[in-house]
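Structural features, examined
Listed below are the residues making up each chain.
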Protein chains: 2
Amino acid sequence: MNAAERLAGKEVRPSMLRIAVLEYLMHTKAHPTIEEIYHALHPKIPTLSKTSVYNITKLLTEKGLTKAITIDEKQIRYDADVSMHGHFLCERCGRVLDFSLTGISDGALDGFHIHTKEVYYSGVCKSCLKDE
Amino acid sequence: MNAAERLAGKEVRPSMLRIAVLEYLMHTKAHPTIEEIYHALHPKIPTLSKTSVYNITKLLTEKGLTKAITIDEKQIRYDADVSMHGHFLCERCGRVLDFSLTGISDGALDGFHIHTKEVYYSGVCKSCLKDE
DNA sequence: TTTCATTTTTGTAATGATTACAATAATAAG
DNA sequence: CTTATTATTGTAATCATTACAAAAATGAAA
């Protein structure tokens, strides 16, 4: 499903900017920050403002089209993959990597309404360890 | 083990303020913010500054005596229970509750060095649901 | 098309938690 | 007691994010 269809599916009018932001997030696994999204799109869309990137990512996240990743306290990152998976922050290279998650038992929360689940790990990634 | 002993065990000089902050965190399950720690201790220690609360919580966390909980993007919360457990943020009452965690499989991260693991859920807690 | 209302986008200013830093106070060692 | 080191404090700076109002774009109705 493409970006415009995803937006329409959540009753969000598919403006050019919204499509551009969601499409960009759909085509990267880098979990970019606002700053990175802005710098990636600005060359193609010179009128783009950083405020719009803030507004749009916030809207997309409220509508469940993207996820806000707050693994790094400094800046929020965004991910168009809203399926259940964990995030690993490498302290060496700064990258945020996905990892698959299975078998979390949250029976302790019986009777709770659970809206979001986030799993954040940090450490040093395989590739950085190899470079030593 | 009391606060002074825990500090000494990590080669942190057990000053009165450090003991007071760590002791406070050890005796609450509320995951307080800097602001809350400051307001709780200030009546007993009138000379306490908020900067010291920042410095001390940062030091304690670096030494592994406390954990920084970043489940709420607005403010960092602190927890003296550094054992593996999940945190649940209730959107209704704002409380952060502990829950026990078992069976997370992170085999996908073989070959990584894992330093921290955080599991953050959000939703509505049982007690708020009952109040409806 | 023209008009009008609504929505989207933009730029600037405000917010507020956290950090930097330098000065002061307390502590430990000699 | 003196001196060096560490701890604490207060103020100023930082910087990501939000608030807000103006401008631009869009859509519906005539």
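Our subject is the structure listed above.
First, a word on what this report is: a plain description of the structure on this page. (Residues numbered from 1 in each chain as written. Chains lettered and ligands numbered in written order. Predicted model: local features only at pLDDT ≥ 70, side-chain atom pairs only at ≥ 80, totals over all residues. Heavy atoms only, no water.)

1. A closer look at the overall build of chain A
Quick reminder of the rule: Strands are runs of DSSP state E lasting at least two residues, helices are runs of H or I lasting at least four, and both sets are numbered from the N terminus onward. Only protein chains enter the accessibility calculation, which uses a 1.4 Å probe; a residue is then buried when its area is under 20% of its type maximum, exposed when over 50%, and partly exposed in between. Contacts: residue pairs with any heavy atoms within 4.5 Å of one another. Using the Shrake-Rupley algorithm and a 1.4 Å probe, accessible areas are obtained, with residue cover drawn only from the displayed protein chains.
A count of helices and strands for chain A gives five helices and five strands. Helices (α) and strands (β) of chain A occur, in sequence order from the N terminus, as α-α-α-α-β-β-β-β-β-α. A principal-axis box enclosing the C-alpha atoms of chain A has dimensions of 45 × 45 × 25 Å. A total of 132 residues make up chain A; the buried ones form 41% of that total. Summarising the internal contacts of chain A: among those between residues at least 6 apart in sequence, 48% fall at separations of at least 24. Carbon and sulfur atoms make up 52% of the accessible area of chain A, which amounts to about 7200 Å² in all.

2. A short note on the protein's contact with DNA strand C
Which entries qualify depends on this criterion: We define proximity as follows: a residue is near a molecule or strand when any one of its heavy atoms falls within 4 Å of that partner. Whenever two N or O atoms come within 3.5 Å, that pair is a polar contact, provided that in protein one can donate a hydrogen and the other can accept it, and provided that, for residues adjacent in sequence, both atoms are side-chain atoms. Note on residue classes: Ala, Val, Leu, Ile, Met, Phe, Trp, Tyr, Cys and Pro are nonpolar, Asp, Glu, Lys and Arg are charged, and everything else, Gly too, is polar.
The full set close to DNA strand C counts 16 residues, and Ser15, Arg18, Thr47 and Ser52 of chain A together with Ile76 of chain B are the nearest of them. Taking all atoms of DNA strand C within 4 Å of the protein, the share assigned to sugar and phosphate is 77%. Ser52 of chain A is positioned such that a nitrogen or oxygen atom in its side chain is 2.3 Å from a phosphate oxygen of DNA strand C. Here the surface near DNA strand C gets three residues from one element, more than from any other, and that element is helix H4 (residues 50-62) of chain A. Of the residues assigned to the surface near DNA strand C, the class counts are five nonpolar, seven polar and four charged.

3. Focus: the packing of helix H2 (residues 16-26) of chain A against H4 of chain A
Residue and element names in this part refer to chain A. The condition that has to hold: The convention used is that axes are lines fitted to C-alpha atoms, helices contributing only their stretch in contact, and that angles between N-to-C directions extend from 0 to 180 degrees. Each angle gets one of four labels, with under 35 degrees taken as roughly parallel, over 145 as roughly antiparallel, 65 to 115 as roughly perpendicular, and the rest as oblique.
Where H2 contacts H4, the two axes come as close as 10 Å, and the packing angle between them is 70°. Taken together, H2 and H4 sit at an angle that is classed as roughly perpendicular. In this structure, H2 contributes Leu17, Arg18, Val21 and Leu22 to the contact, and H4 contributes Ser52, Ile56, Thr57, Leu59 and Leu60. Residue composition of the contact of H2 with H4, by class: six nonpolar, two polar and one charged.

4. Brief notes about the protein's contact with DNA strand D
Around DNA strand D, 17 residues are found, and the nearest of them are Ile76 of chain A together with Ser15, Arg18, Thr47 and Ser52 of chain B. Sugar and phosphate atoms represent 76% of those atoms of DNA strand D found within 4 Å of the protein. In the model, a phosphate oxygen of DNA strand D is placed 2.8 Å from a nitrogen or oxygen of the Ser15 of chain B side chain. One of the backbone nitrogen or oxygen atoms of Leu48 of chain B is found 3.3 Å away from a phosphate oxygen of DNA strand D.

5. A short note on the interface of chain A and chain B
Think of interface size as the accessible area that goes away when the parts come together; that is how it is often given. Short version of the rule: Defined in terms of a 1.4 Å probe, buried area is the accessible area two parts forfeit on being brought together, summed over both. Any two strands with at least two DSSP bridges between them are considered paired.
Listed per partner, the contact involves 34 residues of chain A and 34 residues of chain B. Together, the buried faces of chain A and chain B total about 2900 Å²; carbon and sulfur atoms form 59% of this surface. Applying the counting rule to chain A against chain B returns 13 residue pairs in polar contact (both at pLDDT 80 or more). Looking at the side of chain A that touches chain B, the elements that each hand over two or more residues are strand E4 (96-99), strand E5 (113-124) and helix H5 (126-130) of chain A. Examining the composition of the side of chain A that touches chain B, we find that 12 residues originate from one element, E5 of chain A, more than from any other. Residues of the side of chain A that touches chain B, tallied by class, amount to 16 nonpolar, 11 polar and seven charged. Relative to strand E5 (residues 113-124) of chain B, E5 of chain A runs antiparallel, the two being bridged by 11 bridges. Across the sheet, residue Tyr121 of chain A finds its bridge partner in E5 of chain B, namely Lys117 of chain B.

6. Concerning H4 of chain A
Each α-helix winds once per 3.6 residues, and so residues spaced three or four apart point in a common direction. We count it as follows: Multiplying one less than the number of residues by 1.5 Å gives the expected span of a helix.
Compared with the 18 Å implied by 1.5 Å per residue over 13 residues, the 18 Å span of H4 of chain A between its first and last C-alpha is a close match. Positive phi shows up at Gly64 of chain A, right after H4 of chain A, with a value of about 80°.

7. Quick word on H2 of chain A
Ala20, Val21, Leu22 and Leu25 of chain A are the residues of H2 of chain A that are buried. Elements that come into contact with the buried residues of H2 of chain A comprise helix H1 (3-9), helix H3 (34-41), H4 and strand E2 (77-79) of chain A.

8. Brief notes about the sheet that holds strand E3 (residues 86-90) of chain A
Pairing within the open sheet is mixed, and its six strands lie in the order E4(A)-E3(A)-E5(A)-E5(B)-E3(B)-E4(B). Either end of the sheet is taken by a strand with one partner, and the two such strands are E4 of chain A together with strand E4 (96-99) of chain B. In this sheet, neighbouring strand axes are inclined to one another by 25° on average, regardless of whether the strands run parallel or antiparallel.

9. Description of the relation of the copies chain A and chain B
In this arrangement, two copies of a chain are superimposed by a rotation about an axis accompanied by a shift along the axis. This is how it is decided: The fit set for superposing copies consists of C-alpha atoms from residues with pLDDT of at least 70 in both; the fit itself is least squares.
Taken as rigid bodies, chain A and chain B are interconverted by a rotation of 180° and an axial shift of 0.0 Å, the fit giving an RMSD of 0.0 Å. What the superposition gives is, in effect, a two-fold axis relating one chain to the other. Of all interface residues in chain A, 100% are interface residues in chain B too; the two copies therefore contact each other through one and the same surface.

Any functional reading would require information beyond the geometric quantities listed.
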